[in-house]
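# Overview (structure and organization)
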Amino acid sequence: MDSKRKEIITTWLIVVLVATLVGSIVFMFLGYFKIGLASGGIFMLIATFLAEWTRDKSAVYLHRKEYKR
């Protein structure tokens, strides 16, 4: 995957994360608790996936750098 495509995907994921977080808070304040909880759940799933993916990518990078010597 080229660098420009990665930038676009990263930008869209950040936009989706912010939108779901803000949407969750707004729905909670408006009284739509089920929709707010669902939106918050989507936010948590995306954030967890990104954190795990980044952690695995970092571990692979460190492993390759350490055993390259």
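Up top is the structure these notes are about.
I will try to describe carefully the structure that is included in this document.

### Thoughts on the packing of aromatic side chains
Under the criterion given, the structure shown has one aromatic pair. Ring geometry for Phe27 against Tyr32: centres 6.3 Å apart, planes inclined by 85 degrees, an arrangement best described as edge-to-face. Phe27 sits in the partly exposed class, given a relative accessible area of 29%.

### Let's talk about the pattern of salt bridges
Under the definition given, this model contains two salt bridges. Salt-bridge contacts for Glu52 lead to Arg55; the nearest nitrogen and oxygen are separated by 2.8 Å. Of this pair, Glu52 and Arg55 both sit in helix α2 (residues 33-68), three residues apart, which is roughly one turn of that helix. With its nearest N and O atoms 3.4 Å apart, the salt bridge here joins Asp56 to Arg55. Exposure remark for Asp56: the relative accessible area of 39% places this residue in the partly exposed category. A cluster of three or more residues bridged by salt bridges with shared partners is formed by Glu52, Arg55 and Asp56.

### Some words on the environment of Thr11
Of note, Thr11 is situated in helix α1 (residues 3-30). Thr11 sits 44 residues away from Arg55 along the chain, and the two C-alpha atoms are 19 Å apart.

### Topic: α1
Side chains of residues three or four places apart in an α-helix project in the same direction, reflecting 3.6 residues per turn. For α1, which comprises 28 residues, the first-to-last C-alpha distance of 40 Å matches the rise-based estimate of 40 Å (1.5 Å per residue) to within 8%. When α1 is considered as a whole, its buried residues turn out to be Leu17, Thr20, Gly23 and Ser24. Along its buried surface, α1 packs onto α2. Looking one or two residues beyond α1, the residue adopting positive phi is Gly31, at roughly 100 degrees.

Thresholds applied
Residues numbered from 1 in each chain as written. Predicted model: local features only at pLDDT ≥ 70, side-chain atom pairs only at ≥ 80, totals over all residues. Heavy atoms only, no water. Phe/Tyr/Trp six-rings, centres within 6.5 Å; stacked < 30°, edge-to-face > 60°. Buried < 20%, exposed > 50% of the residue type's maximum accessible area, 1.4 Å probe, protein only. Salt bridge = Lys/Arg side-chain N within 4 Å of Asp/Glu carboxyl O. Helix = DSSP H or I, 4+ residues; strand = E, 2+ residues; numbered from the N terminus. Expected span 1.5 Å × (residues − 1). Contact = heavy atoms within 4.5 Å.

Interpretation in functional terms is not warranted from these geometric data alone.
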